[in-house]
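Here is what each chain is made of, one letter per residue.
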Amino acid sequence: MRVTRDMLHPDLQPYYNRVRFFAWIFKLKWLTHLFNFALSRGVAGRDVEGLHCEEFSIQRRDGSGQIRVRIYRPLEHDDPLPVMVYFHGGGYVAGNPEMFADGIKRFIDRRPCVVVAPDYVKAYQQPFPAGFNDCYDTLIWARDNVENLNAKAGPIMVAGHSAGGGLTAAVSLKARDTGDLDIAFQMPIYPMIDDRQLDDPERQIEAPIWNSDTNRIAWRAYLAGCREHGEEISAYAAPARCQNYQGLPPTISFVGTLEPFYRETQSYMRALQQAGTEVEYQEFENCFHGFDDITDQAGISQAAVAFVLDAYARFYDRYLTS
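From a predicted model like this one, the values you see are computed outputs, not experimental measurements. Throughout this document, residue positions are counted from 1 along each chain, in the order its sequence is written. At least 70 in pLDDT is required for a residue's local features to be given in this predicted model, at least 80 for side-chain atom pairs to be given and counted, and no such filter applies to totals for whole chains, interfaces and linings, which use all residues. Just so you know, side-chain values use all the structure's heavy atoms and leave hydrogens and water out.

J.: How would you summarise helix α3 (residues 29–42) if you had to cite specific residues and measurements?
T.: For the purposes of this entry, the term helix denotes a DSSP run of H or I that reaches at least four residues, the term strand denotes a run of E that reaches at least two, and both are numbered from the N terminus. Here the expected span of a helix is defined as 1.5 Å times the quantity of residues minus one. End to end, α3 covers 20 Å across 14 residues, agreeing with the expected 20 Å (1.5 Å per residue, within 8%). Where α3 is concerned, the buried positions are Thr32, Asn36 and Leu39. Projected down its long axis, α3 carries its buried residues within an arc of 55°, all on one side. Structural note: α3 exposes Trp30 and Arg41 on the side pointing more than 90 degrees away from its buried face. We call two residues in contact whenever any of their non-hydrogen atoms come within 4.5 Å of each other. Those residues of α3 hidden inside the fold are in contact with α2 (24–27). Buried means the residue's accessible area, taken with a 1.4 Å probe over protein chains only, is under 20% of the maximum for its type, while exposed means over 50%, and partly exposed covers the values in between. In this description, one arc is meant: the one made by directions from the helix axis to the C-beta atoms.

J.: Run through the packing of aromatic side chains, naming residues and quoting values.
T.: Note on ring pairs: Phe, Tyr and Trp rings are taken, using the six-membered ring of Trp, and paired if centres are within 6.5 Å. Classes follow the plane angle, with under 30 degrees stacked, over 60 edge-to-face and the rest tilted. Tallied over the entire structure, the rule returns 21 aromatic pairs. Ring centres of Tyr86 and Phe100 lie 6.2 Å apart, and the angle between their planes is 45°; this geometry places the pair in the tilted category. Of this pair, Tyr86 sits in strand β3 (residues 83–87) while Phe100 is found in the loop between β3 and α4 (101–110), placing the two residues 14 residues apart along the sequence. Given the relative accessible area of 2%, Tyr86 is considered buried. Here the aromatic rings of Phe132 and Tyr136 are separated by 6.3 Å at their centres, their planes lie at 25°, and the arrangement is stacked. Placement of the pair is Phe132 and Tyr136 together in helix α5 (residues 130–144), with a separation of four residues, close to one helical turn. With relative accessibility at 0%, the residue Tyr136 sits in the buried group. Linked through ring pairs, Tyr92, Phe128, Phe132, Tyr136, Trp219, Tyr222 and Tyr236 together constitute an aromatic cluster. Cation over ring: Lys174 sits above Tyr136, and NZ or CZ is 4.6 Å from the ring centre. Note on criteria: charge over ring means Lys NZ or Arg CZ within 6 Å of the ring centre, with the direction from the centre no more than 35 degrees off the ring normal.

J.: Residue-level account of unusual backbone geometry, with values.
T.: Between Phe128 and the following residue, Pro129, the backbone shows a cis peptide bond with an omega angle of 15°. Tracing the backbone through its elements, the reader meets Pro129 in the loop between β4 (114–119) and α5. Its identity is not glycine, yet Ser162 carries a phi of approximately 60°, on the positive side. Tracing the backbone through its elements, the reader meets Ser162 in the loop between β5 (156–161) and α6 (163–178). We classify Ser162 as buried; its relative accessible area is 8%. In this model, Asn286 sits at a positive phi of 60°, which is unusual for a non-glycine residue.

J.: A description of the pairing of β4 should follow, citing residues and the corresponding values.
T.: Counting buried positions over the six residues of β4 gives five, a clear majority of the element. With five bridges joining them, strand β2 (residues 66–74) and β4 adopt antiparallel strand pairing. Its bridge partner being in β4, Tyr72 is matched across the sheet by Val115. Pairing between strands is defined by DSSP: at least two bridges between them are needed. Both β3 and β4 contribute to a ladder of three bridges, which runs parallel. Within β4, the residue paired with Val85 across the bridge is Val116.

J.: So what's going on with the packing of α4 against helix α11 (residues 299–319)? Residues and values would help.
T.: Two packed helices can be described by the angle between their axes and the distance between those axes. The geometry of α4 relative to α11 is characterised by a closest axis approach of 10 Å and an angle of 40° between their N-to-C directions. When the axis of α4 is compared with that of α11, the two are oblique. Helix-helix and strand crossings are classified by hand; for α4 and α11 the assignment is right-handed. Between α4 and α11, the residues in contact are Arg106, Phe107 and Arg110 and Val305, Val308, Leu309, Asp310, Tyr312 and Ala313, respectively. Considering only residue class, the contact of α4 with α11 consists of six nonpolar, no polar and three charged. Axis lines are fitted to C-alpha atoms, over the contacting stretch for helices. Their N-to-C directions set the angle, which ranges from 0 to 180 degrees. Orientation categories follow fixed angle ranges, with anything under 35 degrees roughly parallel, anything over 145 roughly antiparallel, 65 to 115 roughly perpendicular, and all other angles oblique. A crossing counts as left-handed when the near helix is turned anticlockwise from the far one by less than a right angle, and as right-handed when that turn is clockwise. Under the scheme applied, nonpolar residues are Ala, Val, Leu, Ile, Met, Phe, Trp, Tyr, Cys and Pro; charged residues are Asp, Glu, Lys and Arg; polar residues are all the others, including Gly.

J.: Give me the lowdown on the pattern of salt bridges, citing residues and values where you can.
T.: Each salt bridge in this description consists of a side-chain nitrogen of Lys or Arg and a carboxyl oxygen of Asp or Glu lying within 4 Å of one another. For the structure on display, the rule yields 24 salt bridges. Between Asp134 and Arg60 there is a salt bridge whose closest N-O contact spans 2.6 Å. Of this pair, Asp134 sits in helix α5 while Arg60 sits in the loop between β1 (51–59) and β2, and the two are 74 residues apart along the sequence. In this structure, Asp134 and Arg60 share a single accessibility class: buried. The closest approach of N and O atoms between Asp195 and Arg241, which form a salt bridge, is 2.9 Å. Taken together, the positions of Asp195 in the loop between β6 (183–189) and α7 (212–222) and Arg241 in the loop between α8 (224–228) and β7 (251–256) put the pair 46 residues apart, joining distant regions of the chain. A residue is classified by how much of its surface remains accessible, and Asp195, at 3% relative accessible area, is buried. Where salt bridges share partners, they join Asp47, Glu55, Arg68, Arg70, Glu98, Asp119 and Lys122 into one cluster.

See the structure below:
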């Protein structure tokens, strides 16, 4: 299905021409590399006004190197705060935490917390499980370093948008399977979780920002190691392949109906609900991928952000305050 301007939510139609070419960044590998290079030179290390910002390099548990991690906390809170580990989006092939700093600040402003955000390795550098391992290693590091972070011991929040949402769902699965730590709740926002979308004609979509073509390219890069070695695609790589949704943490999510991740997000939320998980979920009609961020001045975008922040505040109060 080709998404035209007239198909979009009225609030998004004025942005159609300026956003429909975003996908080209991810269709061409050299442009993705250039995009990441520009981020590393122009955005990486940038602090956020109104937050206390730090940077750590933490050791990967397999000893293969270090992970750059950004730490954000409110200025006016000296007492230990709950921890959120946030995974940035970018189709598993692009991005860094600083790209999503405004969204991180909104969480902190709504309910105070310490946000730990890894700059995990991207798929063109090393395919799965490298990026996933970086995220899980960061989660374990946050668990073990609450004193250094001036944070509270106990359950940890996990969150992310798009590919970061996929990583959120994946680390939540592993935390459940291993019992390594307790997840207070997860926020996989329009998560990238189903590599099988590529072979489903009913889910083929040509839409602004992210479409079936960019999705195919990104999954091919992320799963290159599995394909090369003939390995089965695990639920840690593509969480929609999970066969058992029991025991997963309370979940907040939303998705637009005109994007590749609509059906997989919908199916994931239903599976969680059927397994007895508390879910706060909303679908935004006729919205493309990432509309809440790319067109943040639009009324429908602000409604989506408000939905997440309101649900986040309710879950925070319910699961993290005694």
